[in-house]
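Close look at the chain arrangement
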Amino acid sequence: MFYVILLYALFASVFTIAKTGLEYSQPFFLVGTRMLLAGCLLLGYQKIVNKEHFSFDKQTWWRIVQLAAFNIYLTNVFEFWGLKYLTSFKTCFIYSLSPFLSALFCYTLFSEKLTTKKWMGLLIGFMGFLPILMNQTSSEEATGHLLFFSWAELSVMMAAICSVYGWIVLMQLVKENNLSPITANGTSMFIGGAFALCHSLLVENWSPIPVTNIPIYLECTFLLILISNLICYNLYGTLLKKYSATFISFAGFTTPLFTALFGWVFLGEVVTWPFYISFGIVFLGLVLFDKEELQQSYRGKLLSQPQLSE
């Protein structure tokens, strides 16, 4: 259990570190350089240690490009741009949409059935985001609005949507194209990082590079790669061997609490009451949704067991 808590505390620290890095570098440049370097490290590991030859068919390449575009480029560009104007804990909390979005994606794309309790859980979960979304700081208000959402909030919502779709593509690459997760992630990180750097060249001020404090930028980039790309990825895979995917996913809802704590301690962010109201409501929706998920899983196991003849 300690390592489950450690996993999500480390995930939470990524938002705090990224928020710090964005004070001294532009978002697209930070995303691009981080992902390029992380991709090189993963592909280098596969080439040197596992002696892998990178040869893919057209369908595999197409899915890798989709993974790079959605899970790496769009997810991180939307996230980091929104994080520049939002508090770290609000950004992380909006990311908590992911379990609900995953269910809707599976319902839409794969015709998976949703029970009445799951629909209730989804509705309660989505309603729970309203209090924190209605509470906006001056920095996010400066980005403009669409209806009552700030563009910064919408940007992080798009990051969550792109991330969920990216995980679906990764699942297809691993299960249908028999690609190693490390190879898939390493290749997509390299390509997605190149996309982000090209974007940076077009819109950010290179004089000579879009960084105002190189030592802090390098420190944040190193920590992001070490914690997010290397430690969390491997720890998550290890924990899945011991705990169920449903439990690991449910435990992930502790991440906004850790992010709020780190933001308060290290960034001086003020955690307002709408955060706690939203957290409580969304937690209730997630409990209802995951309780039904666990019951279905348990019933499925019982049905799959051999029955004794009377």
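Residues numbered from 1 in each chain as written. Predicted model: local features only at pLDDT ≥ 70, side-chain atom pairs only at ≥ 80, totals over all residues. Heavy atoms only, no water.

**Points about the overall build of the protein**
The secondary structure content of the protein amounts to 14 helices and 2 strands. Out of the 310 residues belonging to the protein, those deemed buried represent 49%. Counting only contacts in the protein whose residues sit at least 6 apart along the sequence, the fraction spanning at least 24 positions is 84%. Accessible surface, the protein as shown: approximately 16,000 Å² in total, 69% of it carbon and sulfur. Distance between charge centres in the protein, computed from 17 positive and 16 negative side chains, equals 8 Å. (Helix = DSSP H or I, 4+ residues; strand = E, 2+ residues; numbered from the N terminus. Buried < 20%, exposed > 50% of the residue type's maximum accessible area, 1.4 Å probe, protein only. Contact = heavy atoms within 4.5 Å. Areas by Shrake-Rupley, 256 points an atom, 1.4 Å probe, with all protein chains shown as cover. Lys, Arg positive; Asp, Glu negative; His and termini not counted. Charge placed at Lys NZ, Arg CZ, Asp CG, Glu CD.)

**Description of the environment of Leu-37**
Relative to the helices and strands, Leu-37 resides in helix H2 (residues 27–48). Taking the C-alpha atoms as reference points, Leu-37 and Tyr-8, 29 residues apart in sequence, are found 23 Å from one another.

**Looking at unusual backbone geometry**
Omega for the bond connecting Ser-207 with Pro-208 falls within 30 degrees of zero, at 0°, which places this linkage in the cis form. Following the sequence through the fold, Pro-208 ends up in the loop between helix H10 (181–203) and helix H11 (214–239). A positive phi is found at Asn-178, a non-glycine position, where the angle reads about 55°. Relative to the elements of secondary structure, Asn-178 occurs in the loop between helix H9 (151–175) and H10.

**Describing the side chain of Thr-75**
Position of Thr-75 relative to the elements: it lies in helix H3 (residues 58–83). For Thr-75, a relative accessible area of 4% corresponds to the buried category. At 3.1 Å, the side chain of Thr-75 and the backbone nitrogen of Ser-163 are in polar contact. (Polar contact = N/O pair within 3.5 Å; in protein donor to acceptor, adjacent residues only side chain to side chain.)

**Topic: the nonpolar core**
Val-4, Leu-7, Phe-80, Met-189, Ile-227 and Leu-239 are the most contacted members of the largest nonpolar core, which has 36 residues in total. If you list the elements that add at least two residues to this core, you get helix H1 (2–21), H2, H3, H10 and H11. Those residues in contact with Phe-80 that lie beyond four places of it in its chain are Ala-18, Leu-22, Pro-27, Leu-30, Val-31 and Arg-34. Core analysis: the next-biggest nonpolar cluster, separate from the first, contains 33 residues, Leu-86, Ile-94, Leu-133 and Met-157 among them. (Core = buried A, V, L, I, M, F, W, Y, C linked by side-chain atoms within 4.5 Å.)

**Notes on a nonpolar patch on the surface**
Among the surface-exposed residues, Leu-123, Met-127, Leu-130, Met-134, Leu-146, Leu-147, Phe-148 and Trp-151 lie close enough to one another that they form a single nonpolar patch of about 840 Å² accessible area. When contributions to the nonpolar patch are tallied by element, the ones reaching two or more residues are helix H6 (116–128) and helix H7 (130–134). The class for Leu-130 is partly exposed, based on a relative accessible area of 30%. (Patch = residues over 30% accessible without salt bridge, like charges linked within 9 Å, V, L, I, M, F, W, Y side chains within 5 Å. Salt bridge = Lys/Arg side-chain N within 4 Å of Asp/Glu carboxyl O.)

**Digging into the packing of aromatic side chains**
All chains considered together, the criterion is met by 17 aromatic pairs. Consider the rings of Phe-56 and Trp-61, whose centres lie 5.1 Å apart with planes at 75°: the pair is edge-to-face. When the ring of Phe-89 is compared with that of Phe-275, the centres are 5.3 Å apart and the planes differ by 75°; the resulting orientation is edge-to-face. In this pair, Phe-89 is assigned in helix H4 (residues 88–95) and Phe-275 in helix H14 (residues 273–304), connecting sequence segments 186 residues apart. The exposure class of Phe-89 is buried, given its relative accessible area of 4%. Every member of this aromatic cluster is reached through a ring pair, and the members are Phe-89, Phe-93, Phe-129, Phe-275, Tyr-276, Phe-279 and Phe-283. (Phe/Tyr/Trp six-rings, centres within 6.5 Å; stacked < 30°, edge-to-face > 60°.)

**Some words on the pattern of salt bridges**
Per the stated rule, a full pass over the model turns up 3 salt bridges. Between Glu-140 and Lys-90 there is a salt bridge; the shortest N-O distance is 3.1 Å. Taken together, the positions of Glu-140 in helix H8 (residues 138–141) and Lys-90 in helix H4 put the pair 50 residues apart, joining distant regions of the chain. One exposure class covers both Glu-140 and Lys-90, and it is buried. The residue Glu-153 makes a salt bridge to Lys-90 at a minimum N-O spacing of 2.6 Å. Note that Glu-153 is positioned in helix H9 and Lys-90 in helix H4, a separation of 63 residues in sequence. Its relative accessible area of 0% is what places Glu-153 among the buried residues. Overall, the relative accessible area of 3% leaves Lys-90 in the buried class.

Geometric descriptors of this kind do not, in isolation, establish any biological role.
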